[in-house]
Amino acid sequence: MKQRILIVGAGFGGMWSALSATRLLDQHGRDDVEVVVLAPQAELRVRPRFYEPEVHKMVAPLGELFDAVGVTFVQGFAERIDTEGKRVGYRTTAGQFAELDYDRLVLATGSQVVRPALAGVEHAFDVDQLEEAVRLEQHIQSLAERPASVSRNTVVVAGGGFTGIETAAEMPARLRAALGENADVRVIVVDRGSEIGAALGDGPRGAIIEASEQLGVEWRLNSAVASVDAGGVTLASGERIEAETVVWTVGVRASSLTEQVAAERDGQGRLHVDANLQVPGQDGLFATGDVARAACDDQGNYALMSCQHAIALGRSAGNNAAASLLGVAPIPYSQPKYVTCLDLGAWGAVFTEGWDRQIKLEKAEGKSLKQQINSVWIYPPAADRATALAAADPLIPVVA
C-alpha cells in the first residue's frame, strides 16, 4: 500500500507544495508514495488580482498540470482534521462525508476576510474570494441601470492597507467604464491610520499620495466605519457618506481549520511552525501559506499573507514533508528578500525592495513590472512534467 502525502488546499501554498513534494520523490525514484491534493476546485484562483475588472478570468485550471506530474486531485471541502488518527474528513460536492488517511499532511487552506460585527456589514462587498469579487463586478456593471445620484457614483473602501489601496486606485476607472467616461465619481478610503498609506510605511507614501490626488481618491484618516446600509456608511465620528458601493478590505484571518490542531497560533490564527514548516508537537503535520507563522530570516521578519510568501512557503513545505517521509535532509525555509509592487491604477505602480520598502520603480515602469507579475510570474507553470518539477525547487528565489 502506498504512503500518502496529503495537501489540503489548491492555492499558491497548496499547488506549490504538491509540485515540490513530487519533485523530491521523483529525484529519489520513489513511486510508492502518492501526492494527493484535496480542495473544492482543481484550479488556482489568482487572488492578488481580484481588485481588477473581469475577475471571472482570474482562474488557472490545475487539472492538466496535476495529471502531467502525477498528483492525484480529490474534490471536496475539508471539515475535520484528526491528527492522532492521521486522517482528514471532508464533504464531497454531493454533500457526502468521506475521509482520507495520510502519512504526511500539509495544511494549505489559506485565509479569508472576517468582517466585524457591525450593523449592516452584510451590505458590503469584498475582493477576498472569487465569488465575492464577481458579485462586486456584477454590482458595478448594474450601476448604469440605476438613476444618476451621488450615492450611485460613490465607492467607499473600508481599510487603507495594501488591498484597500489597490482596490481604491482601480475604482475610478471601473466606475467610469460602467457609468461613462464623463461620470462624476467619488472614491473614499476610510482608514484608522493617521497618515495616508500608514500600513505600508514611509517608503511608498509619497507615491500613494500623488496617485490618490491624480486619481481623485479621497481619504478619511483616523476614521472607522460604525455601520453600513444599502445607501452608504456612517463613520464612528458621526459623518454620513452616501454610497451604494462599500468594499471591505480589512480583518484577514487564517482558515478556521487551524483551530482543530493542538498547537500554538498567532493573533491571525496562523500555526507556529519550525524552520522546516513542521508544526511543533504534531507528527507529520506541516503548515504553509497563509496558515503558517513562519520566520523569513534571522532578523525577526515573518512571512505575510501574500502570494509572494505563499509560493516559497509551498515549495518548502512540500519538499520537507516528502523529505521527512523519505528520511533525507530537509531544506529550511528562508526568504530574506522582500519586495512589493503596489498597483496604483491609472497612475502606475510602485515597486519597492526591503522590509522598509525602498522605492526602485514607479509610475509606468512600476506598472509594467506589476503587469508582468500579475499576468505571468504568479501563474502555475506549464503542464509539462520536467518544467513544472524544475519550477518547484525550494531554492529558487521568489520575486512577486
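Residues numbered from 1 in each chain as written. Predicted model: local features only at pLDDT ≥ 70, side-chain atom pairs only at ≥ 80, totals over all residues. Heavy atoms only, no water.

1. A few points about the packing of helix α3 (residues 130-142) against helix α4 (residues 162-179)
- At a minimum axis distance of 8 Å, the contact between α3 and α4 shows a crossing angle of 50 degrees. With respect to each other, α3 and α4 are oriented oblique. From α3, L136, E137, I140 and Q141 reach across to α4, where they touch M171, R174 and A178.
- Taken together, the residues of the contact of α3 with α4 sort by class into 4 nonpolar, 1 polar and 2 charged. (Axes fitted to C-alpha atoms, helices over the stretch in contact; angles between N-to-C directions. Helix = DSSP H or I, 4+ residues; strand = E, 2+ residues; numbered from the N terminus. Parallel < 35°, antiparallel > 145°, perpendicular 65-115°, else oblique. Contact = heavy atoms within 4.5 Å. Nonpolar A, V, L, I, M, F, W, Y, C, P; charged D, E, K, R; others polar.)

2. Some remarks on the state of the cysteines
- Applying the stated criterion across every chain, the model contains 0 disulfides.
- Residue C296 stays outside any disulfide, its sulfur separated by 14 Å from that of C307, the closest cysteine.
- Note on C307: no disulfide assigned, nearest cysteine sulfur contributed by C341 at a separation of 11 Å. (Disulfide = S-S within 2.5 Å.)

3. With respect to the sheet that holds strand β13 (residues 217-220)
- Taken together, the 4 strands give an open sheet; going across it, the order is β13-β12-β11-β17, and neighbouring strands pair in parallel fashion. Looking at the sheet topology across the chains shown, the edges are occupied by β13 and β17 (245-248). Recorded for the sheet is a direction-independent mean angle of 20 degrees between the axes of neighbouring strands.
- Relative to β17, strand β11 (residues 154-158) runs parallel, the two being bridged by 4 bridges. By the bridge assignment for β17, V155 is matched with T245.
- Of the strands in this sheet, β11, β12 (186-190), β13 and β17 are in contact with α4, which crosses β12 at around 170 degrees. (Pairing = 2+ DSSP bridges.)

4. Description of the pattern of salt bridges
- The final tally for this structure, using the stated rule, is 31 salt bridges.
- As a salt-bridge pair, E242 and R240 come within 3.1 Å of each other at their nearest N and O atoms.
- Since its relative accessible area comes to 34%, R240 is described here as partly exposed.
- Because the salt bridges share partners, they merge into one network encompassing D82, R87, E99 and D101. (Salt bridge = Lys/Arg side-chain N within 4 Å of Asp/Glu carboxyl O. Buried < 20%, exposed > 50% of the residue type's maximum accessible area, 1.4 Å probe, protein only.)

5. A short note on the sheet that holds strand β1 (residues 3-8)
- The strand order β5-β2-β1-β9-β20 describes an open sheet built from 5 strands, whose pairing is parallel. The open sheet is flanked by β5 (72-75) and β20 (285-287), the only strands paired with a single partner. Recorded for the sheet is a direction-independent mean angle of 20 degrees between the axes of neighbouring strands.
- In the packing of helix α1 (residues 12-27) onto the sheet, contacts are made with β1, β2 (33-39) and β9 (104-107), and the angle to β2 comes to roughly 175 degrees.

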